[in-house]
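# Tertiary structure, described
The lines below spell out each chain.
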Protein chains: 2
Amino acid sequence: MKIPLYRQIQASLKEKITSGVYEEGGLLPSENELCAEFNATRMTVRQALNELVREGYITRQHGKGSTVSASRKSLGLLSLKGWTEVVVASDRHGKTLVLEGPIVKKLEDSAFKPLIDEESHEEFIFFKRLRLVEDSPVMYEHTYIPNENLPNFIKEPLLEGSLFRTLLIKYQIDVQSMTQEVRAVAADKETASLLKIKSKSPVLHLLRKYKTSIDGFFLYSSIYCNTEKFAISSFN
Amino acid sequence: MKIPLYRQIQASLKEKITSGVYEEGGLLPSENELCAEFNATRMTVRQALNELVREGYITRQHGKGSTVSASRKSLGLLSLKGWTEVVVASDRHGKTLVLEGPIVKKLEDSAFKPLIDEESHEEFIFFKRLRLVEDSPVMYEHTYIPNENLPNFIKEPLLEGSLFRTLLIKYQIDVQSMTQEVRAVAADKETASLLKIKSKSPVLHLLRKYKTSIDGFFLYSSIYCNTEKFAISSFN
DNA sequence: TAATACAACTTGTATAGACAACAGAATAAT
DNA sequence: ATTATTCTGTTGTCTATACAAGTTGTATTA
């Protein structure tokens, strides 16, 4: 299974960005320097960099360089980045409470059906998580991960509390893109109480399917989001 | 002011897609054929095609070709999912009712402030539009366009009812990308009655800023969206 | 007939090089 | 001192080529 060079460069840079080797707001090495580092041509390096732009990790400026994405006022959660990176990058104080899991179960949530194509995996690793910004709950998330090729996943804690980073570092699984459906719904009892809002308040509902570097390995998330204080932002 | 070749190819293909020269679901000419047509190399053509992918006009498949995506022209940069198949199959595209405008006014909607940088234009052309799919109202939209370099815009009707198409054909202004903030809110009286839902029902609120091929020329939209039947889907 | 192999197409990845356009710093001219 | 110019390093655009790999239809073979 051969991984294209530009994907390797992309994953390597992403690792260095999320681990802090390249600081937020700082400049990445120039294209020519990256060419030397990875023994690639500029076109190949540029393809990796453009992917990182698409995923929201960097911005680029003509004549200047590639800047590691700076914080935004609203949480850039329509972009690819996982919760931990976004909150850290926006220098707000974010916490994640694991309410349930990880446990192994089947994906019985019927809401996902339109996103899943044909034969799906039998078993998934399941999480229920509540995410807070500055001690107020903002998102309530159900996550399903195929229970394949993830030895010891359930036993060991997440690296720095980040699912995406754990997958990248420990299992070399790079989350690369996402599709989602967005709706406004009235919060049900459970969601409302967890998000500390009134029942039937409007909440954002996101149904997500993440594509990874492993063929056929998709993550699924159902997210309820309180947007009173924080908006979800996206760029394109 | 020189326009890069790949942007010209991009705009040309976009024009042919939105005008129906290339049909929905059909294949675009192959890269090599486009190379011949535009006197460009494959890398240049591919850059144009990749931009169209990013904008959602086409999808590409290894070994096969570039397929024109459905449901782009009638609903701008929004793709609707859920009943889309029905809409496409019945060949009844969404309708748009202009409730108010175009008129010239200032941008007084304070909600836009976080999206606008520095000195903004004094005067904008303003629209209130209601969008329907299969005769049920789905979106209520306020649009602001800088009142600059748009001679006769207010006097003349939109080409085929499409704002983006009018800007592209009559004024060579190509809408290329967008940033937005997304919230779930309770519908106010006006919105609820227009969307034919109960007051205070949850609706999606989108605050958008569109970037165009003209430097400093941005469009702004505030959109309320009924997601009971249709979800907003996004790719990345 | 059904399966296999092949051929001709497509897009994907990658190299090597060239010049243009932009940003910022250093230098020269006023 | 201030302004203009030049220089250097950066990203943006584009050419020309090559091979890999996926898709599809056709021909061959068992």
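Residues numbered from 1 in each chain as written. Chains lettered and ligands numbered in written order. Predicted model: local features only at pLDDT ≥ 70, side-chain atom pairs only at ≥ 80, totals over all residues. Heavy atoms only, no water.

The next point concerns the overall build of chain A. Counting secondary structure elements, chain A contains six helices and nine strands. Within chain A, the fraction of its 236 residues that count as buried is 49%. In chain A, 60% of the contacts between residues at least 6 apart in sequence involve partners at least 24 apart. For chain A, the accessible area works out to roughly 11400 Å², and carbon and sulfur atoms hold 52% of it. (Helix = DSSP H or I, 4+ residues; strand = E, 2+ residues; numbered from the N terminus. Buried < 20%, exposed > 50% of the residue type's maximum accessible area, 1.4 Å probe, protein only. Contact = heavy atoms within 4.5 Å. Areas by Shrake-Rupley, 256 points an atom, 1.4 Å probe, with all protein chains shown as cover.)

Not every one of the 24 residues close to DNA strand C is listed here, only the nearest: Leu-5 and Thr-44 of chain A together with Arg-42, Arg-46 and His-62 of chain B. Taken together, the sugar and phosphate atoms account for 70% of what DNA strand C places within 4 Å of the protein. One of the side-chain nitrogen or oxygen atoms of Arg-42 of chain B is found 2.8 Å away from a base nitrogen of DNA strand C. Between DNA strand C and the protein, one listed contact pairs a sugar or linking oxygen with a backbone N or O atom of Gly-63 of chain B at 3.4 Å. (Near = heavy atom within 4 Å. Polar contact = N/O pair within 3.5 Å; in protein donor to acceptor, adjacent residues only side chain to side chain.)

Residue and element names in this part refer to chain A. Topologically, Thr-166 is positioned in helix α5 (residues 163-171). Of the polar contacts made by the side chain of Thr-166, one reaches the backbone nitrogen of Leu-159; its length is 2.8 Å. At 2.6 Å, the side chain of Thr-166 forms a polar contact with the backbone oxygen of Ser-162.

This next bit is on the protein's contact with DNA strand D. For DNA strand D, the set of nearby residues contains 25 residues, the closest of which are Glu-31, Arg-42 and Arg-46 of chain A together with Leu-5 and Thr-44 of chain B. In this structure, Tyr-6 of chain B approaches DNA strand D through a side-chain N or O atom, which is 3.0 Å from a phosphate oxygen. Here a phosphate oxygen of DNA strand D and a side-chain polar atom of Gln-61 of chain B are 3.4 Å apart. Those elements that provide at least two residues to the surface near DNA strand D are α3 (42-54) and β1 (58-61) of chain A together with α1 (5-18) and α3 (42-55) of chain B. When residues of the surface near DNA strand D are assigned to their parent elements, the largest contribution, four residues, is made by α3 of chain B.

With that settled, the discussion passes to the environment of Asn-32 of chain B. Looking at the secondary structure, you find Asn-32 of chain B in helix α2 (residues 31-38). Between the alpha carbons of Asn-32 of chain B and Arg-42 of chain B there is a distance of 6.7 Å; along the sequence they are 10 residues apart.

This brings us to the packing of helix α1 (residues 5-18) of chain A against α3 of chain A. Residues and elements named next belong to chain A. Two elements in contact, α1 and α3, have axes whose closest approach is 8 Å; the angle formed by their N-to-C orientations is 50°. With respect to each other, α1 and α3 are oriented oblique. You can see that α1 and α3 cross each other, and the crossing is right-handed. Only Thr-44, Val-45, Gln-47, Ala-48, Leu-49, Glu-51 and Leu-52 of α3 make contact with α1, whose side of the interface consists of Leu-5, Tyr-6, Arg-7, Ile-9, Gln-10, Leu-13 and Lys-14. Classifying every residue of the contact of α1 with α3 by side-chain character gives eight nonpolar, three polar and three charged. (Axes fitted to C-alpha atoms, helices over the stretch in contact; angles between N-to-C directions. Parallel < 35°, antiparallel > 145°, perpendicular 65-115°, else oblique. Left-handed = near helix turned anticlockwise from the far one by under 90°. Nonpolar A, V, L, I, M, F, W, Y, C, P; charged D, E, K, R; others polar.)

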